[in-house]
Amino acid sequence: MRVFALSDVHVDYQANMAWLQDLSPAHYGDDALILAGDVSDDLNKLRAALTRVRATFAEVFFVPGNHELWVRRGEGADSMAKFWQILELCAALGVRTSPAQVGTGGHNQGVWIVPLFSWYLQPEEGEGSLFVEKPGEDLTLEMWADNYFTRWSPLAPGRTVAETFLRLNEPYLARQYDTPAISFSHFVPRLELIFRTQEEREPAGRVLRDAHPRFNFSRVAGCMGLEAQIRRLGSRVHVYGHQHRNRHRSIDGVLYISHCLGYPHERVNGYVHSIGSGPRLIWDTLTHDTRCS
């Protein structure tokens, strides 16, 4: 069994749904897919997309992103209620949202795939944000859709949404994994992953201007607590999404991979590149190692 990574497919765009539907069971029928969030906030479209990839791959693993937890369509009393509704949908479709070992049998040792639920921590919420200042930024985040489309019930005093999701991962961190572990989240676990290296700039073939100069993504990127959980878990590979900027970078013994489909105009304009014709191969259980294709 091979393991592939993909995120941010945003099937609200017809071109993106068509891209997903073009993935063939003949090519991926024995493989596992990690789908790291942001498929759609529309539950009907989410169901259609998950049903499609479940028919294409032998195993599918999923965590909701921020778009899934929008409640602008009246689906769920609030964003947390919709989160549990989505997990129930996944269970009904045979999509995994908890750890499982894949690729065992014969002489193959297999690999554990471990979903990590997460959210971002804004700098005003306390320590652990990935925030860095950006000159001229809009401190109100007026353009950030989560400000309008997510809704949260009152939390325990002093607790953030990010901490609420991280606490859900604790049972997974307490387990013992007898083969290598691949973890994945929707949100970004480390600050340096937000910024491109020179090598990552080259595929665009030109200097990319800041499309939103007043928007500071680091305010809503992720949180340091997620990285701490990756280290506690002992992940060999961590897959994430959210930023729509693809990465393949080793840091302190962990390979971080982001393989986002993103929006059609981002692919056309070079902001999302190296997507190819399918998900990214990240592990082959036959060779017991990561892949860079």
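Data block above holds the structure.
Residues numbered from 1 in each chain as written. Predicted model: local features only at pLDDT ≥ 70, side-chain atom pairs only at ≥ 80, totals over all residues. Heavy atoms only, no water.

J.: Teacher, can you tell me more about the side chain of serine 235 here?
T.: By the element assignment, serine 235 lies in the loop between α9 (224-233) and β7 (237-240). Overall, serine 235 belongs to the buried group, its relative accessible area being 5%. Here serine 183 takes part through its side chain, which lies 2.7 Å from a polar atom of the side chain of serine 235. (Helix = DSSP H or I, 4+ residues; strand = E, 2+ residues; numbered from the N terminus. Buried < 20%, exposed > 50% of the residue type's maximum accessible area, 1.4 Å probe, protein only. Polar contact = N/O pair within 3.5 Å; in protein donor to acceptor, adjacent residues only side chain to side chain.)

J.: Got a minute to help me understand the pairing of strand β4 (residues 100-105) in this structure?
T.: Regular strands place their side chains on alternate faces of the sheet. Direction of pairing for β4 relative to strand β5 (residues 108-115): antiparallel, over a ladder of five bridges. Of the residues in β5, the one forming a bridge with alanine 100 is isoleucine 113. Here β4 folds back onto β5 in antiparallel fashion, the turn holding two residues, of which glycine 106 has a positive phi close to 65°. (Pairing = 2+ DSSP bridges.)

J.: What exactly am I supposed to notice about the environment of leucine 191 here?
T.: Mapped onto the fold, leucine 191 is located in the loop between β6 (181-184) and α8 (198-201). Along the sequence, leucine 191 and aspartate 146 sit 45 residues apart, while their C-alpha atoms lie 21 Å from each other. Once residues within four sequence positions are removed from consideration, leucine 191 is found in contact with Leu130 and Val132. (Contact = heavy atoms within 4.5 Å.)

J.: Any chance you could explain the packing of helix α1 (residues 14-21) against helix α3 (residues 43-56) here in plain terms?
T.: The description of two packed helices rests on the angle between their axes and on the distance between the axes. At a closest axis distance of 10 Å, the pairing of α1 and α3 adopts a crossing angle of 25°. In terms of axis orientation, α1 runs roughly parallel to α3. Every residue of α3 that contacts α1 at Met17, Leu20 and Gln21 is listed here: Lys45, Ala48, Ala49, Arg52 and Val53. Looking at the contact of α1 with α3, its residues break down into five nonpolar, one polar and two charged. (Axes fitted to C-alpha atoms, helices over the stretch in contact; angles between N-to-C directions. Parallel < 35°, antiparallel > 145°, perpendicular 65-115°, else oblique. Nonpolar A, V, L, I, M, F, W, Y, C, P; charged D, E, K, R; others polar.)

J.: Help me understand the packing of α3 against helix α4 (residues 79-93) in this model?
T.: α4 packs onto α3 with a crossing angle of 30° between their chain directions and a minimal axis gap of 11 Å. Here α3 is positioned roughly parallel relative to α4, judged by the angle of their axes. The interaxial crossing formed by α3 with α4 has right-handed handedness. Each of Leu43, Leu46, Arg47, Leu50, Thr51 and Arg54 in α3 lies in contact with α4, whose residues at this interface are Lys82, Gln85, Ile86, Leu89, Cys90 and Leu93. Here the contact of α3 with α4 is built from residues that sort into seven nonpolar, two polar and three charged. (Left-handed = near helix turned anticlockwise from the far one by under 90°.)

J.: Explain the sheet that holds strand β9 (residues 254-258) to me, please; I cannot follow it from the model alone.
T.: In a beta sheet, neighbouring strands pair by backbone hydrogen bonds and run either parallel or antiparallel. In spatial order, the strands read β4-β5-β6-β7-β9-β8; together these six strands make up an open sheet with mixed pairing. Edge positions in the sheet fall to β4 and β8 (247-251), since each of these pairs with one other strand and no more. Neighbour to neighbour, the strand axes of the sheet diverge by 20° on average, direction disregarded. Here β6 pairs with β7 via three bridges, running parallel.

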